Amino acid sequence: MEYRIVLQRMEFRALHGCYELERKVGNRFTVDLEITVELGDVAAEDSVEKAVNYLTVYEVVRAQMRVTQRTIERAAMNIIDAVYAEYAQIRHVKCTVSKLAPPLGGKLERVSVVLEK
């Protein structure tokens, strides 16, 4: 049996962007992560030790958001790869990275990319 863990609207200040100014002054980003995990004995044994630790997942995301990238696509892929590397029982990851108020010359709340692996 599988289950999903969803971390929503994690917010970070990061230096991602294709413009040099973005990589110097930064911007606000949000990350949504949906992880499908093999349940195993987690529920039957009420085992925190066998479960995917949400704090660890958050720390993985935070560490990846600190690595400056030119695209949010690369940031999302780095997050997905790092989450898979942390937990063998993960079966699927969906990651949405959004840049808030992107510098596109007009009013825009956010631009997002969604990657699944």
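### What about unusual backbone geometry?
Move 1: Look at arginine 9: it is not a glycine, yet its phi comes out positive at around 55°.
Move 2: Here arginine 9 lies in strand β1 (residues 2-14).
Move 3: The phi angle at alanine 101 is positive, at roughly 50°, despite the residue not being glycine.
Move 4: Within the secondary structure layout, alanine 101 lies in the loop between β3 (90-100) and β4 (110-116).

### Regarding helix α3 (residues 72-86)
Move 1: Counted at 1.5 Å a residue, the expected span for α3 with its 15 residues is 21 Å, and the 21 Å between its end C-alpha atoms agrees.
Move 2: Those residues of α3 that fall on the buried side of the exposure criterion are Ile72, Ala75, Ala76, Asn78, Ile79, Ile80, Ala82 and Val83.
Move 3: On its buried face, α3 is in contact with β2 (27-38), α2 (54-65), β3 and β4.

Cut-off values and rules
Residues numbered from 1 in each chain as written. Predicted model: local features only at pLDDT ≥ 70, side-chain atom pairs only at ≥ 80, totals over all residues. Heavy atoms only, no water. Helix = DSSP H or I, 4+ residues; strand = E, 2+ residues; numbered from the N terminus. Expected span 1.5 Å × (residues − 1). Buried < 20%, exposed > 50% of the residue type's maximum accessible area, 1.4 Å probe, protein only. Contact = heavy atoms within 4.5 Å.

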